[in-house]
Amino acid sequence: VVAQHPSSMQIPHEKQSSKSNTTNSKDQIGMPPNEKERPLIVVVGAGSKHGTINSEFADSVRWGLGGALALPFAEDGYDVVLMGRRQEVLDDVRKAVEAVHITNHHAEARVLCVECDVTDDKSVEQAFGHVNTIGNSYIDLVMFNVAPPYPSNFKFQGWGEVLLPHQIDIGDMNKQYDTQVNGLIRISKQVLPGMIERKRGCILLSGESCCNLHGGFEFGSVAPARAALRSLGQSMFQAYGPMGIHVCNINIGGIIDSPKTRQWTKKEELTNPNEIAEQFLNVYKQKSTVW
């Protein structure tokens, strides 16, 4: 992981080592509110936005990054909350997380599935209201991995005719923006007051460098909203960093392995989602001196 900005980290296409010299997250920003309370790891977008899920794939790849994000945290025994729009997908991811807990001898660790539509104020309020009823816990990390599907007429360069900027549907662009930028604001309204009170917390945003940093001509229909999300994340880092809250963009420089992307290119050219997820864990554990 290479630092690009105080609130931005980039994962290049080459595979990264999962080893880290980072310390336990309790050293991250002071102490938890109560030693008996357990930190909750919340994954918003814990699943795949693609319609077809192939059960023949390993759990670390089956749902792309959304399904992989919780797995390294489960290895360390964290309690996990999985949020998404489709309960059936969340239930499958939950089984994978529970299996990792058991394999790593963390039988006491908990997993909760909560349906949540980040484009709906009431849905977000109800989802986090449910999370707040979990006893002996506090939300310490939110991983925001939300993006609507590519437009139906979108094509990658090399796989067909590219959707040019003048062909972009305004309604779809508004949906992209509402899902990602407004979605993060809706989530922030629910979690940041508690983090500010505790003077600790972490919000990690997932994104592609081909959209966040340099909008390729074929990504005109999706890059603007991703860039806006990154910009909002940078503003949040400047605002909340001094309060002990780490907000960080994770820029991924490659196509993430999943059943869908296996249809686009060779497996060897894809980035392993589990190895990316390990870097989210490493950033979460960083001391504030290296934010």
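Everything here concerns the structure above.
A quick note: this is a predicted structure, and the numbers were derived from the prediction, not measured. (Residues numbered from 1 in each chain as written. Predicted model: local features only at pLDDT ≥ 70, side-chain atom pairs only at ≥ 80, totals over all residues. Heavy atoms only, no water.)

Caption draft 1: Representation of helix H4 (residues 87–103) in the model. When the terminal C-alpha atoms of H4 are compared, their 24 Å separation across 17 residues agrees well with the 24 Å that a helix rising 1.5 Å per residue should span. Following H4 by one or two positions, His 105 adopts a phi angle in the positive range, close to 60°. (Helix = DSSP H or I, 4+ residues; strand = E, 2+ residues; numbered from the N terminus. Expected span 1.5 Å × (residues − 1).)

Caption draft 2: The arrangement of the pairing of strand S3 (residues 38–44) in detail. For S3, the tally of buried residues reaches 6 of 7 residues, placing the bulk of the element in the interior. As paired elements, S3 and strand S6 (residues 137–144) share 7 bridges and run parallel to each other. Looking at S6, one finds that Val 44 is bridged to Phe 144. (Buried < 20%, exposed > 50% of the residue type's maximum accessible area, 1.4 Å probe, protein only. Pairing = 2+ DSSP bridges.)

Caption draft 3: Here's a closer look at the packing of aromatic side chains. Taken as a whole and judged by the stated rule, the model has 3 aromatic pairs. Centre to centre, the rings of Phe 73 and Tyr 78 are 5.9 Å apart; their planes meet at 65°, and the pair counts as edge-to-face. Overall, Phe 73 belongs to the buried group, its relative accessible area being 0%. On the basis of relative accessible area, Tyr 78 is assigned to the buried category, the value being 9%. Pairing Tyr 78 with Tyr 284 gives two aromatic rings, centres 5.8 Å apart and planes at 75°, and the pair type is edge-to-face. Taken together, the residues span a long stretch of sequence, with Tyr 78 in the loop between helix H3 (70–75) and strand S4 (79–84) and Tyr 284 in helix H9 (residues 273–284) at a distance of 206 residues. Clustering of aromatic rings is evident, with ring pairs tying together Phe 73, Tyr 78 and Tyr 284. (Phe/Tyr/Trp six-rings, centres within 6.5 Å; stacked < 30°, edge-to-face > 60°.)

Caption draft 4: Representation of the nonpolar core within the structure. In terms of nonpolar packing, the biggest core is built from 34 residues, with Phe 73, Leu 82, Val 97 and Met 143 touching the most fellow members. Apart from the residues within four sequence positions on either side, Val 97 is in contact with Ala 70, Leu 71, Ala 74, Val 80, Leu 82 and Val 111. With 30 residues, the next largest nonpolar core counts Val 44, Val 146, Met 195 and Ile 245 among its residues. (Core = buried A, V, L, I, M, F, W, Y, C linked by side-chain atoms within 4.5 Å. Contact = heavy atoms within 4.5 Å.)

Caption draft 5: The pattern of salt bridges, seen in detail. All chains considered together, the criterion is met by 7 salt bridges. If you follow the salt bridges from partner to partner, you end up with Arg 38, Asp 79 and Arg 110 in one network. (Salt bridge = Lys/Arg side-chain N within 4 Å of Asp/Glu carboxyl O.)

Caption draft 6: Just the environment of Ile 134, in detail. Relative to the elements of secondary structure, Ile 134 occurs in the loop between helix H5 (121–131) and S6. For Ile 134, a relative accessible area of 19% translates into the label buried. C-alpha separation for the pair Ile 134 and Leu 112, spaced 22 residues apart in sequence, amounts to 9.3 Å. Sequence-distant contacts of Ile 134, that is, excluding residues within four places in its chain, are made with Leu 40, Val 81, Arg 110 and Leu 112.

Caption draft 7: Molecular detail of the side chain of Gln 176. Within the element layout of this structure, Gln 176 appears in helix H6 (residues 170–198). Looking at Gln 176, the relative accessible area reads 2%, which means it is buried. Not counting residues up to four positions away in its chain, the partners in contact with Gln 176 are Pro 148, Pro 149, Pro 151, Ser 221, Val 222 and Ala 225.

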